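# Overview (structure and organization)
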Amino acid sequence: MGMMDFDFLDDVRRMNKRQLYYQVLNFGMIVSSALMIWKGLMVVTGSESPIVVVLSGSMEPAFYRGDLLFLTNYREEPIRVGEIVVFKIEGREIPIVHRVLKVHEKENGTVKFLTKGDNNSVDDRGLYAPGQLWLEKKEVVGRARGFVPYVGIVTILMNDYPKFKYAILACLGLFVLIHRE
């Protein structure tokens, strides 16, 4: 055994060009299939992000950090007090998962609402854009319809430790390229 044992490189070298092209094409098919599934979920759920990961403990005990949420965002459904919504604030990249605390419906049909994390002591007005006191429907990414506990922790690890993310992706890519069946 030498300094590092790279048996997989020998496997790649032994492949003829046709096998290598086939493996690269196979990898491309996997990536494009995943993207098509994601776009299909967007159409079916009406949400720009049909699946999100809870990134903080602000919604405990309802949801914990790392829980995977399934969202829908049908525009015709009214927003109700007690619903858990995912919303995006102008100037913030990451969406927030919190519960609707108050709803104000005006006579002209506009609806504004206030949110709060279950584990937070105050409402979300401090999180909203400067001068903004209420959210509107256009800021809602989706409403929580279901969840799978702790499955999203992998996403959190990959965001917190970028080298871990690249190592996982490299391993998956190598597996697809080397696997001959």
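Residues numbered from 1 in each chain as written. Predicted model: local features only at pLDDT ≥ 70, side-chain atom pairs only at ≥ 80, totals over all residues. Heavy atoms only, no water.

- Under an unreviewed UniProt entry, the name given to the chain is Signal peptidase complex catalytic subunit SEC11, and the organism recorded is Dreissena polymorpha.
- The annotation that UniProt attaches to the chain under Catalytic activity (unreviewed entry) is "Cleavage of hydrophobic, N-terminal signal or leader sequences from secreted and periplasmic proteins."
- Quoted verbatim from the Function (unreviewed entry) heading of the UniProt record, the comment on the chain is "Catalytic component of the signal peptidase complex (SPC) which catalyzes the cleavage of N-terminal signal sequences from nascent proteins as they are translocated into the lumen of the endoplasmic reticulum. Specifically cleaves N-terminal signal peptides that contain a hydrophobic alpha-helix (h-region) shorter than 18-20 amino acids." (UniProt positions renumbered as here; feature names shortened; annotations may be inferred.)

### What to know about the nonpolar core
- Residues I79, V85, F87, I89, I96, V100, F113, L114, Y128, A129, L135 and V140 constitute the largest nonpolar core, which totals 12 residues.
- Of all elements in the fold, only β3 (84–87), β4 (96–105) and β5 (111–116) reach the threshold of two or more residues within this core.
- Those residues in contact with F87, other than ones at most four positions away along the chain, are P95, I96, H98, T115, D124, Y128, L135, E139, V140 and V141. (Core = buried A, V, L, I, M, F, W, Y, C linked by side-chain atoms within 4.5 Å. Buried < 20%, exposed > 50% of the residue type's maximum accessible area, 1.4 Å probe, protein only. Helix = DSSP H or I, 4+ residues; strand = E, 2+ residues; numbered from the N terminus. Contact = heavy atoms within 4.5 Å.)

### Comments concerning the side chain of S58
- By the element assignment, S58 lies in the loop between β1 (51–53) and β2 (68–72).
- Look at S58 and you get buried, because its relative accessible area is 13%.
- A polar atom in the side chain of S58 sits 2.8 Å from the side chain of H98.
- Apart from residues lying up to four places away in sequence, S58 is in contact with V97, H98, G117, D118, N119 and N120. (Polar contact = N/O pair within 3.5 Å; in protein donor to acceptor, adjacent residues only side chain to side chain.)

### Points about the pattern of salt bridges
- Inspection of the entire model under this criterion finds eight salt bridges.
- Here R99 and D118 are joined by a salt bridge, their closest N and O atoms 2.7 Å apart. Taken together, the positions of R99 in strand β4 and D118 in the loop between β5 and β6 (135–136) put the pair 19 residues apart, joining distant regions of the chain.
- Classification of R99 by relative accessible area gives partly exposed; the value is 24%.
- Residue D118 is classed as partly exposed on the basis of its relative accessible area, which comes to 29%.
- For R125, the salt bridge is made with D123, and the minimal N-O distance between the two is 4.0 Å.
- Here the residues in one salt-bridge network are E77, E83, R143 and R145, joined through shared partners. (Salt bridge = Lys/Arg side-chain N within 4 Å of Asp/Glu carboxyl O.)

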